[in-house]
Amino acid sequence: MERNFVKIVECFNITGLGLLTELQHYENGIPPNTQIIDSNTDETWIVKKRVHHGILILDKSEKYFECETESMHVDSVFKTQSERKIAVDKELDKRKNGVYMYLIKAEKKKQKSKPEIGTELKIKKRHHNTV
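Residues numbered from 1 in each chain as written. Predicted model: local features only at pLDDT ≥ 70, side-chain atom pairs only at ≥ 80, totals over all residues. Heavy atoms only, no water.

Engineer: Which residues make up the overall build of the chain, and what are the values?
Structural biologist: Scanning the chain for helices and strands turns up 2 helices and 7 strands. Ordered by position from the N terminus, the helices and strands of the chain form the series β-β-β-β-α-β-α-β-β. Whereas a compact globule of 131 residues would reach a radius of gyration of roughly 14 Å, the chain reaches 15 Å, a difference of no more than 12%. Each of the 131 residues in the chain was classed as buried or not, and the buried ones make up 43%. For the chain, the share of sequence-separated contacts (at least 6 apart) that also reach a separation of at least 24 residues comes to 66%. Carbon and sulfur atoms provide 50% of the accessible area of the chain, an area that totals close to 7,900 Å². The distance from the centre of the 24 positive side-chain charges to the centre of the 20 negative ones in the chain is 3 Å. (Helix = DSSP H or I, 4+ residues; strand = E, 2+ residues; numbered from the N terminus. Rg over C-alpha atoms; globule rule 2.2 N^0.38 Å. Buried < 20%, exposed > 50% of the residue type's maximum accessible area, 1.4 Å probe, protein only. Contact = heavy atoms within 4.5 Å. Areas by Shrake-Rupley, 256 points an atom, 1.4 Å probe, with all protein chains shown as cover. Lys, Arg positive; Asp, Glu negative; His and termini not counted. Charge placed at Lys NZ, Arg CZ, Asp CG, Glu CD.)

Engineer: Tell me about the side chain of threonine 119, and name the residues and values.
Structural biologist: Relative to the helices and strands, threonine 119 resides in the loop between strand S6 (99–106) and strand S7 (120–126). Among the polar contacts listed, one links the side chain of threonine 119 to the backbone oxygen of glutamate 116, at a separation of 2.8 Å. Apart from residues no more than four positions distant in its own chain, threonine 119 is found in contact with Val6, Lys7, Ile8 and Asp38. (Polar contact = N/O pair within 3.5 Å; in protein donor to acceptor, adjacent residues only side chain to side chain.)

Engineer: Let's hear about the pattern of salt bridges: which residues, and what values?
Structural biologist: Under the counting rule described, the total for this entry stands at 8 salt bridges. Among the salt bridges present, the one from glutamate 22 reaches lysine 94, with a minimum N-O distance of 2.6 Å. Within this pair, whereas glutamate 22 is found in strand S2 (residues 18–24), its partner lysine 94 is found in helix H2 (residues 81–96), the two being separated by 72 residues in sequence. Across the pair, lysine 94 and glutamate 22 agree in class, each one buried. One salt bridge in this structure joins glutamate 62 and arginine 50, with 3.3 Å as the shortest N-O distance. Placement of the pair is glutamate 62 in the loop between helix H1 (54–58) and strand S5 (71–74) and arginine 50 in strand S4 (residues 44–53), with a sequence separation of 12 residues. The burial state of glutamate 62 is the same as that of arginine 50; both residues are buried. A single network of salt bridges, built from pairs that share partners, joins Glu22, Arg50, Glu62, Glu68, Glu91, Lys94 and Arg95. (Salt bridge = Lys/Arg side-chain N within 4 Å of Asp/Glu carboxyl O.)

Engineer: How would you sum up H2? Please name residues and give values.
Structural biologist: The end-to-end C-alpha separation of H2 is 23 Å, in line with the 22 Å expected for 16 residues at 1.5 Å each. Taken as a whole, H2 has its buried residues at Arg84, Ala87, Val88, Glu91, Lys94 and Arg95. For H2, the angular spread of the buried residues around the axis is 120 degrees, confining them to a single face. H2 presents Ile86, Lys90 and Lys96 as exposed residues on the side facing more than 90 degrees away from its buried surface. Close packing links the buried residues of H2 with S2, S4, H1 and S6. Positive phi shows up at glycine 98, right after H2, with a value of about 75 degrees. (Expected span 1.5 Å × (residues − 1). Arc of directions from axis to C-beta.)

Rendered as structure tokens:
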């Protein structure tokens, strides 16, 4: 994948929060208020903040980027220690492949709510104002 692009790996609409999205990229992080645009449809989403995974925070193996100044985290519940270990390994594998979670939102209310899985979006510009 080219620099200045992100690929949609997963995307879930979380009511009251926004779109919890797994983005694959090889940037040095994506700052809050960055626009990502679908070149085919001109639909634009705004990156609100990075979402860290609680199991990687506890494992002291989550990856952090200096420019990602707003964040939150999600937690998981496991029945056994082996289930937790499998989940940690799966998340670490995602990081090795440049996959990170972010909260994003549609820039315009009239566009479709979420981007298609597999779509590559161009990092258009980075805003400095708040969303």
